[in-house]
Structure formats: structure tokens, C-alpha cells
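Structural overview
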Amino acid sequence: MVGTQATAATKASPSLLYMVKQVELVVRSHLDELVKPSGITALQYTALTVLERHDGLSAAQLARDSFVTAQSIADLVRSLENRGLVRRERNPRNRRELLILLTDAGRELLARCAGPVRELEERMVRDLTAHQSEQFRQALSKAWQALS
């Protein structure tokens, strides 16, 4: 009987992968709603934040760091460029490569979104202590490193 109860409890608990995906989907949904008034998507917002941290990336690197395919980054960058949020320029060390850079308009958009995005993050961890929140951040970082 004890073994049966343990098996039933195991079946009732979702896997960590499932739980991570649930969090990702709900965060993306909320993030889409937050950035929608600015005329961008959550994926575009992510790409802009990547450039805010590491400006002047190649399309391939921006795609990797933004969690999109190399094929979809071209459309994403074109859309951001048409809105004046990013610009492309030749890499001075490799004239065949274009680097993607954040414009002042892109920085301003990120600044406008910063408060609401911070509030979303705070809402996500509001039932955690500051210590638990930091442990959560470290655990996520270690999980990402283990799979990268």
C-alpha cells in the first residue's frame, strides 16, 4: 500500500520541465500584454533587452541570446529596424557582417517598459522571501548552465 501511495503521489506531481514551461508561458502572456501598447511583442522586447546588455551583436548571436531561430531573427530585426528601435551597421573587424545596435528610441522604449516589467517580476516572486527569491534566481541560472 505504501508503494502504491508513493506512486500515486509521484503521478500527481508535474515534472519540473512541465512547471518551468508553465511559468514561461504565463510570463510570456503577461509580458505580451505589458509591451503591446508599445507596439512590440514579448520576443521583440527580449531581443531589445539582449541588445541593452550586449549592444552590437550579429544576427546569429542575437537569435541565440533571444531564444529564437536564425530564420525568425531576420524578420524580428527588420520589424524593429522599421520602427527605429534598432539599426544595423557593418562590423569594422569583418566588413561582411552586420551588427545590430539599439537606438535611442529603443532605449527609451525599454525605459518606459522597465517599471511594469519589474512589477511583473515582483508579482511572480511576491510569496518568496528575499533569500528564497535569490535562491530561485541562482537555481534557474544553474539549471540553464547545466543544459547549455
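The text that follows walks through the structure, step by step, so that each part is easy to find.

1. Re the sheet that holds strand S2 (residues 86-91)
One open sheet accounts for 3 strands, arranged S1-S3-S2; its pairing is antiparallel. Two strands bound the open sheet, and with one partner strand each, they are strand S1 (57-58) and S2. Here 2 bridges tie S1 to strand S3 (residues 94-102), and the two strands are oriented antiparallel to one another. In the sheet register, leucine 57 faces S3, and the bridge partner there is isoleucine 100.

2. As for helix H3 (residues 42-53)
For H3, built from 12 residues, the straight-helix expectation of 16 Å at 1.5 Å per residue is met to within 8% by its first-to-last C-alpha distance of 17 Å. Within H3 the residues assigned to the buried category are Ala42, Gln44, Tyr45, Thr46, Ala47, Leu48, Thr49, Val50 and Leu51.

3. Here's the deal with the pairing of S2
As a general feature of sheets, a regular strand has side chains that alternate between the two faces. As judged from the 6 bridges shared by S2 and S3, these two strands associate in the antiparallel manner. For asparagine 91, the partnering residue across the bridge sits in S3 and is asparagine 94. Taken together, S2 and the strand that follows it, S3, pair antiparallel across an intervening segment of 2 residues.

4. Some words on the packing of helix H2 (residues 16-35) against H3
Two elements in contact, H2 and H3, have axes separated by 8 Å at closest approach and are oriented at 85 degrees. By the angle class used here, H2 and H3 are roughly perpendicular. Of the residues in H3, those in contact with Arg28, Leu31, Asp32 and Val35 of H2 are Ala42, Leu43 and Tyr45. Within the contact of H2 with H3, the residues separate by chemical class into 5 nonpolar, no polar and 2 charged.

5. Let's talk about the nonpolar core
Membership of the largest hydrophobic core comes to 25 residues, with the highest contact counts inside it found for Ile40, Tyr45, Leu48, Leu62, Leu80 and Val86. Going through the elements one at a time, H2, H3, helix H4 (59-66), helix H5 (70-82), S3 and helix H6 (104-124) are the ones with two or more residues in this core. Ranked by the residues each element gives to this core, the list is headed by H3, at 6 residues. If we skip the residues at most four places from it in the chain, leucine 62 touches Ala47, Val50, Leu51, Leu57, Ile73, Val77 and Ile100.

6. Comments concerning the pattern of salt bridges
Where charged atoms from two side chains of opposite charge approach closely, those side chains can pair. Inspection of every chain in the model, using the stated rule, returns 7 salt bridges. One salt bridge in this structure joins lysine 21 and glutamate 24, with 3.0 Å as the shortest N-O distance. Residue lysine 21 and its partner glutamate 24 are both found in helix H2; the two are separated by 3 residues, about one turn of the helix. Using a relative accessible area of 40% as the deciding quantity, one classes glutamate 24 as partly exposed. Its salt-bridge partner being arginine 88, residue glutamate 81 comes within 2.6 Å of it at the nearest N-O pair. For glutamate 81, a relative accessible area of 28% puts it in the partly exposed group. A relative accessible area of 34% places arginine 88 in the partly exposed class.

Conventions and cut-offs
In every chain, residue numbers begin from 1 and rise along the written sequence. Given that the model is predicted, a residue must reach a pLDDT of at least 70 before its local features are reported, and side-chain atom pairs must reach 80 or more before they are shown or counted; all residues, however, enter totals for whole chains, interfaces and linings. Hydrogens and water molecules were not included; the side-chain quantities draw on all heavy atoms of the structure. The criterion for strand pairing is that DSSP finds at least two bridges linking the strands in question. In this description a helix means any DSSP run of H or I spanning at least four residues, a strand means any run of E spanning at least two, and both kinds are numbered starting from the N terminus. In this scheme, a helix's expected span is set at 1.5 Å multiplied by one less than its residue total. Between buried and exposed lies partly exposed: a residue is buried under 20% and exposed over 50% of the maximum accessible area for its type, with that area taken using a 1.4 Å probe on protein chains only. Throughout, an axis means a line fitted to C-alpha atoms (over the contacting stretch in the case of helices), and angles, computed between N-to-C directions, take values from 0 to 180 degrees. Working definition: roughly parallel below 35 degrees, roughly antiparallel above 145 degrees, roughly perpendicular at 65 to 115 degrees, and oblique for all remaining angles. Contacts are assigned to residue pairs with any non-hydrogen atoms lying within 4.5 Å of each other. Polarity classes work like this: nonpolar for Ala, Val, Leu, Ile, Met, Phe, Trp, Tyr, Cys and Pro, charged for Asp, Glu, Lys and Arg, and polar for all others, with Gly in that last group. For our purposes a nonpolar core is just a set of buried Ala, Val, Leu, Ile, Met, Phe, Trp, Tyr and Cys residues, chained together by side-chain atoms within 4.5 Å. Note on definitions: salt bridges are taken to be side-chain nitrogens of Lys or Arg within 4 Å of carboxyl oxygens of Asp or Glu.

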